Amino acid sequence: MPSNTSSSLAAGWRRNGVGPWLVLPAAALLAVFVFRPLARSVQLSTYASDLIGNPTRFVGLDNYTSLLSDPDFLHTVVVSVVIALLGMFLATFGALVAVLLLRGRLLGGGFFNVVFSLPFAYSAASASTVFAGLFAPSVGVLNIILGNLGVSGPHWLDSPVAAVWSIAIATAWYEFGFAFLVLTAAVRDVPPEVIEAAQLDGAGGFRLAARILVPVMRPSILFLVVTQTITGLQSFAQIQVLTRGGPAGATTNLVYRMYQLAFGNGTPDFGRASVIAVVLVLIVAAITALQFRLLGREKTA
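Residues numbered from 1 in each chain as written. Predicted model: local features only at pLDDT ≥ 70, side-chain atom pairs only at ≥ 80, totals over all residues. Heavy atoms only, no water.

J.: How should I be thinking about the overall build of the protein in this particular structure?
T.: Per the secondary structure count, the protein includes 14 helices and two strands. For the protein, restricting intrachain contacts to residue pairs at least 6 apart in sequence, the fraction spanning at least 24 positions comes to 68%. Split by element, the accessible area of the protein, about 16,900 Å² in all, is 68% carbon and sulfur. (Helix = DSSP H or I, 4+ residues; strand = E, 2+ residues; numbered from the N terminus. Contact = heavy atoms within 4.5 Å. Areas by Shrake-Rupley, 256 points an atom, 1.4 Å probe, with all protein chains shown as cover.)

J.: Where do I start with the pairing of strand β2 (residues 55–58) in this structure?
T.: Look at any regular strand and the pattern is simple: side chains alternate between the two faces of the sheet. Bridging between strand β1 (residues 47–49) and β2 involves two bridges; their strand directions are antiparallel. Across the sheet, the residue bridging to Ser49 is Pro55, located in β2. Between β1 and β2, which follow one another and run antiparallel, lie five residues, and Gly53 among them has a positive phi close to 95 degrees. (Pairing = 2+ DSSP bridges.)

J.: For this particular structure, what's the right way to read the side chain of Thr251?
T.: Position of Thr251 among the secondary structure elements: in the loop between α12 (237–242) and α13 (254–264). According to the relative accessible area criterion, Thr251 is buried, its value standing at 0%. What Thr251 contacts, discounting residues up to four positions off in sequence, is Val79, Ile83, Ala163, Val164, Ile167, Ile239, Thr243, Gly245 and Gly246. (Buried < 20%, exposed > 50% of the residue type's maximum accessible area, 1.4 Å probe, protein only.)

J.: Sorry, what's going on with the packing of helix α4 (residues 71–101) against helix α11 (residues 206–233) here?
T.: Each pair of packed helices can be described by the angle between their axes along with the distance between the axes. At a closest axis distance of 9 Å, the pairing of α4 and α11 adopts a crossing angle of 150 degrees. Crossing geometry of α4 relative to α11 is assigned as right-handed. For the pair formed by α4 and α11, the contact residues are Ser80, Val81, Ala84, Leu85, Met88, Ala91, Thr92, Leu96, Val99 and Leu100 on the first element and Ala209, Leu213, Val214, Met217, Ile221, Leu224, Val225, Gln228, Thr229, Gly232 and Leu233 on the second. Classifying every residue of the contact of α4 with α11 gives 16 nonpolar, five polar and no charged. (Axes fitted to C-alpha atoms, helices over the stretch in contact; angles between N-to-C directions. Left-handed = near helix turned anticlockwise from the far one by under 90°. Nonpolar A, V, L, I, M, F, W, Y, C, P; charged D, E, K, R; others polar.)

J.: Looking at this structure, how should I read the confidence of the model for the protein?
T.: Any region with low pLDDT has predicted coordinates that should not be read closely. Per-residue pLDDT for the protein has a mean of 83; in total, 87% of the residues score no lower than 70. No element of the protein has a lower mean pLDDT than helix α1 (residues 2–16), which averages 57, and none a higher one than α12, which averages 93. (pLDDT = per-residue confidence, 0-100.)

J.: Help me understand helix α9 (residues 160–188) in this model?
T.: Every α-helical turn comprises 3.6 residues, leaving residues that sit three or four positions apart pointing alike. If you check α9, its first and last C-alpha atoms are 41 Å apart, about what 29 residues at 1.5 Å a residue would give, namely 42 Å. When the local axis directions of α9 are compared, the greatest deviation, roughly 40 degrees, occurs at Phe176. (Expected span 1.5 Å × (residues − 1). Bend = angle between axes of the 7 residues up to and from the residue.)

J.: I keep staring at a nonpolar patch on the surface and nothing clicks. Help me out?
T.: Taken together, the side chains of Leu29, Leu30, Val32, Phe33, Val34, Phe35, Leu38, Val42 and Val281 make up a nonpolar region of the molecular surface, amounting to roughly 800 Å² of accessible area. Note that Val32 resides in helix α2 (residues 19–44). (Patch = residues over 30% accessible without salt bridge, like charges linked within 9 Å, V, L, I, M, F, W, Y side chains within 5 Å. Salt bridge = Lys/Arg side-chain N within 4 Å of Asp/Glu carboxyl O.)

J.: What exactly am I supposed to notice about the packing of aromatic side chains here?
T.: Both the distance between ring centres and the angle between the ring planes are used here to describe each pair of aromatic rings. A full pass over the atoms with the stated rule returns 12 aromatic pairs. Centroid distance Phe176 to Phe180: 6.0 Å. Interplanar angle 25 degrees. Geometry classified as stacked. Of this pair, Phe176 and Phe180 both sit in helix α9, four residues apart, which is roughly one turn of the helix. Assessed through its relative accessible area of 14%, Phe176 is described here as buried. With centroids separated by 5.2 Å and ring planes inclined at 65 degrees, the aromatic side chains of Phe236 and Tyr259 adopt a geometry described as edge-to-face. (Phe/Tyr/Trp six-rings, centres within 6.5 Å; stacked < 30°, edge-to-face > 60°.)

J.: How do you make sense of the pattern of salt bridges when you look at a structure like this?
T.: Where charged atoms from two side chains of opposite charge come close, those side chains can pair. As enumerated under the stated definition, the model contains one salt bridge in all. Here Asp70 makes a salt bridge to Arg272, at a shortest N to O gap of 4.0 Å. One end of the pair, Asp70, is in the loop between α3 (62–68) and α4; the other, Arg272, is in helix α14 (residues 270–300), with 202 residues separating them in the sequence.

J.: Would you mind showing me how to read the environment of Ala168 here?
T.: Turning to its location among the elements, Ala168 is positioned in helix α9. On the accessibility criterion, Ala168 (0% relative accessible area) is buried. With 84 residues separating them in the primary sequence, Ala168 and Ala84 have C-alpha atoms 7.3 Å apart. Once you skip the residues sitting within four places of it in the chain, Ala168 turns out to touch Ile83, Leu86, Gly87 and Leu90.

J.: Teacher, can you tell me more about the environment of Val225 here?
T.: Position of Val225 among the secondary structure elements: in helix α11. C-alpha separation for the pair Val225 and Ala91, spaced 134 residues apart in sequence, amounts to 9.4 Å.

See below:
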């Protein structure tokens with residue numbers, strides 16, 4: 001009965017032309033806060049800037065050619081992809097393992113749901129401040145634990161490789177809560193009779209997870225792979241708090257490089273910063289299109 005009522009209401013709205021008016025508030029917000037800034041970025045990317053950042057003269061694609069031909073820009077793209085993929089893998093795989101191990105307890109709700117979802121409630125800046133204390137070379141908790149185990153802890157934020165892993169770990173912890181919530185919802189959607197039938201056939205533990213749970217959860221896992229990668233590409237607060245793009249640019253990603261060009265130097269270069277913004281939008285759009293395509297295949301498979 002409720003579905004019939006909803007269908008009749010929708011049909012009535014279509015006949016009366018109410019639908020576009022319902023979409024108007026959301027469309028207005030998108031126009032003001034998404035499309036207008038994007039159009040302004042595209043415009044600024046074709047202009048040179050004066051000493052205080054104001055656009056002065058039209059230069060066409062010169063900003064694009066100069067930035068895209070810069071070897072440091074390619075390094076920045078690689079750093080962005082590495083940090084995003086590492087953070088995505090650690091967050092998604094860690095959440096998947098936690099959900100599979102705690103499946104029976106999660107179905108009843110309670111303590112574990114709250115504890116493992118907590119990272120989702122923190123901001124990236126506050127979480128990064130905590131990790132700054134954990135990664136401190138002499139008094140950091142991680143190196144103290146490693147020292148007690150007889151292992152010499154690395155200089156997490158001073159070594160290029162360790163710094164990349166530090167940013168990825170902080171990013172993964174920040175993303176873990178959302179991944180845990182999504183996968184918890186996915187595992188709850190697995191029909192109990194399917195699990196019972198598998199257990200009667202002798203599937204348990206790893207076999208149950210590998211052959212029943214993970215395949216059913218695959219669309220949610222794919223969704224997380226794409227969305228967490230996009231989130232990782234937009235990382236900024238953890239880099240600003242922990243490394244400021246160092247050491248030697250090892251953790252300078254696209255967003256942080258854009259910040260440096262626009263606000264981090266004495267002479268702002270909004271033109272080249274806007275180029276990075278446009279490139280980042282194109283990368284995110286391509287990944288989003290890939291997500292819809294892959295999810296469409298999942299639904300038709």
